[in-house]
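Chain by chain, the residues:
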Amino acid sequence: MKRLALLFLSSLFTLHSSVAAPAEQQGKRSNAEYRTSDESASSSGQRSEGEAFKRNRVERPGGSINASSSGQRSEGEAFKRRASSKKPNIILFLIDDMGLMDTSVPFVVDAKGEPQKHALNDFYRTPSMEKLAARGTRFTQFYAHSVCSPTRASIMTGQNSARHRSTNWIKPQSNNRGNFGPAEWNWTGLDKTSITLPRLLQGAGYKTIHVGKAHFGPNNHEGSDPLNLGFDINVGGFSAGQPGSYYAEKNYARGGKSGQVPHLEKYHGTDTFLTEALTLEANRHIEACVKEQKPFFLHMSHYALHAPFESDPRFAKNYAQSGANKHAQAYATLVEGMDKSLGDLLAKLNELKVADNTLIIFVGDNGSDAPLGEGEHNSSAPYRQKKGWRYEGGMLVPFIAAWGKTDGTNASQQKLPIPAGVIQTQMGTILDLLPTICTLAEVELPKDMPLDGYDLKPQFAGNKNKERKEDFLNHFPHHHRSSYFTSYVNDGWKVIYHYPLPGRGQKAQGKEFSPKYELFNLKQDPYEKNDLSKSNSEQLRTIMAAMIKDLVAKKALYPQRGDKELRPEMPTAP
């Protein structure tokens, strides 16, 4: 297998003459680290909703949540209370641009559900992920949106991007609509009125901590600052979707102070790699929460693996003889540095004796952006394409859920059991995180809160959720690597609808474009090699009708040519 892997990698790693200029630009640098004490827990329920949403799949626990109750204990009382009375800590470990294959953990399975290693699994080194997967449940088909800002807003709100309408990555300086994008798309992102996961947890007595990449809103808008969205603490989060640099010697900036990651001045001029600095800060705040005897929600949102592909010197020697080009080697060091961060957090939880009461959720925000060449099956091989694309390689991400330490007597683990070594083949999505976490934390959700996800509890236990509708809508009415498309997965089938518009870099030149369709049977063809749109017109029409229905239900916005809205068109009957 190793020999085959090396042969494959030698053909896969083509030398790039240069790294493509990063699309997500920097924003303005915010002040040094700060906290807020005036974020009202009640604010999460005070948003005036203009639309009534009827679809809600969350089992809401009864009873109200007293936001201040966790802070009213007498000194030392928390150590005397029974474990069953403690709220669980929650770490959401979110990795930027990490696809399903950017790890040594195999997420691909055979027909019997057994994990199958591929060449990229032998290239990357992620021992901490391996330990986490062995301890808990990994999903083989977990979907995110194909670019970052839509996914991040979906995690925060539990809503599909077609519903919250931040359908493209958010450019810090200006509206990133594109030539034919919807005029009213939500380019300003989240704001103080948004009902978000951290705000809900804040209202339930949690200390909410954001560390790393935010990218929730552009410059000079509320979403650029995580403190406006329900976080008590923000380290490193601002409007930009990438760091100026990973190097402290460059003050985590590009060309002076451009794109500088905020709040990390203490590390400037040292040799502390950005991933390590964020980990040190996260562990510091975990310690403070444990000392304060308060449950915490840590949104550990690494800038890695996003460009610039700067090599982490701690791990460079591990790839020097790999045969990979220098950018692929640098990417691999970012992967390994991220994995060390996971291991360091787990070690800290054990040191503080809170691992058994801490849930870790590991997930990527979109498909891989590994610089492994321009072919169809490279960066996410064997899956097709990468970040920003309409194919599975652009949307499938790694997902692992586990408790920091297994303890069958722990009340939180009894409430949310996660057996060791489970491989879950039923679909999951980033829309499921908010309802799952809020149910565990006993958060009572606003009755009219629109949600598009499911509680993952039965799937964490290795069971199938029979109530789940196995579909995922990825609506992208903008230009990117794949432009102006909507993809829809439904019960093993996938349709891709191409709006009648020129893609990025194309010109209409007076020619009218026609709608185009792609159709794949993912159960038989998971790597999307056989387009069935012409040979199975009946199935194409069936799934197109379901896709259009879902877009309408979510009140989606569509591409525009002038003032004309371009809604999807059904294929003609044979």
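Residues numbered from 1 in each chain as written. Predicted model: local features only at pLDDT ≥ 70, side-chain atom pairs only at ≥ 80, totals over all residues. Heavy atoms only, no water.

**Student:** I'd love a proper account of the overall build of the protein chain, names of residues and values included.
**Tutor:** On a plain count of helices and strands, the protein chain comes out with 13 helices and 17 strands. Within the protein chain, the proportion of its 574 residues that are buried is 59%. Counting only contacts in the protein chain whose residues sit at least 6 apart along the sequence, the fraction spanning at least 24 positions is 73%. (Helix = DSSP H or I, 4+ residues; strand = E, 2+ residues; numbered from the N terminus. Buried < 20%, exposed > 50% of the residue type's maximum accessible area, 1.4 Å probe, protein only. Contact = heavy atoms within 4.5 Å.)

**Student:** Please set out the pattern of salt bridges residue by residue, giving values where relevant.
**Tutor:** Per the stated rule, a full pass over the model turns up 28 salt bridges. The shortest N-O distance in the salt bridge between lysine 464 and glutamate 470 comes to 3.9 Å. Looking at glutamate 470, the relative accessible area reads 22%, which means it is partly exposed. For lysine 469, the salt bridge goes to aspartate 471, with nearest N and O atoms at 3.7 Å. (Salt bridge = Lys/Arg side-chain N within 4 Å of Asp/Glu carboxyl O.)

**Student:** Report on the side chain of lysine 386, specifying residues and quantitative values.
**Tutor:** Along the chain, lysine 386 falls in the loop between β8 (358-364) and β9 (399-403). Take lysine 386: its relative accessible area is 12%, and that puts it in the buried class. A polar contact of 3.4 Å, which involves the side chain of lysine 386, links it to the backbone oxygen of alanine 370. If near-sequence neighbours (up to four positions away) are discounted, lysine 386 is found in contact with Ser368, Asp369, Ala370, Ser379, Ser380, Gly393, Gly394 and Arg481. (Polar contact = N/O pair within 3.5 Å; in protein donor to acceptor, adjacent residues only side chain to side chain.)

**Student:** Tell me what's going on with the nonpolar core, and back it up with residues and numbers.
**Tutor:** The biggest cluster of nonpolar side chains holds 125 residues, and the ones touching the most others in it are Leu298, Phe362 and Phe399. The dominant element in this core, judged by the number of residues it contributes, is helix α9 (residues 326-351), at eleven residues. Core analysis: the second largest hydrophobic core is formed by 20 residues, Tyr488, Leu501, Ala556 and Tyr558 among them. (Core = buried A, V, L, I, M, F, W, Y, C linked by side-chain atoms within 4.5 Å.)

**Student:** Got a sec to walk through the pairing of strand β5 (residues 207-212)? Specific residues and values, please.
**Tutor:** For β5, the buried fraction is high: six of the six residues fall into the buried class. Both β5 and strand β7 (residues 296-302) contribute to a ladder of six bridges, which runs parallel. The residue of β7 that forms the bridge with threonine 208 is phenylalanine 297. (Pairing = 2+ DSSP bridges.)

**Student:** Please provide a residue-by-residue account of empty space enclosed by the protein, values included.
**Tutor:** Summed over all chains, the structure comprises two cavities of 30 Å³ or more. The volume enclosed by the second largest cavity comes to roughly 30 Å³. Around the second largest cavity, the lining residues are His145, Ser146, Val147, Pro150, Ser161, Thr167, Asn474, His475 and Phe476. In terms of residue count, strand β12 (residues 471-476) provides more of the lining of the second largest cavity than any other element does, three residues in total. Looking at the lining of the second largest cavity, its residues break down into three nonpolar, six polar and no charged. (1 Å grid on protein atoms, 1.4 Å probe; cavity = no way out; pocket = protein on both sides within 12 Å on 5 of 7 lines; lining within 4 Å. Points joined across faces, edges and corners; volume = space filled by probe spheres on them. Nonpolar A, V, L, I, M, F, W, Y, C, P; charged D, E, K, R; others polar.)

All we've got here are geometric facts, nothing functional implied.
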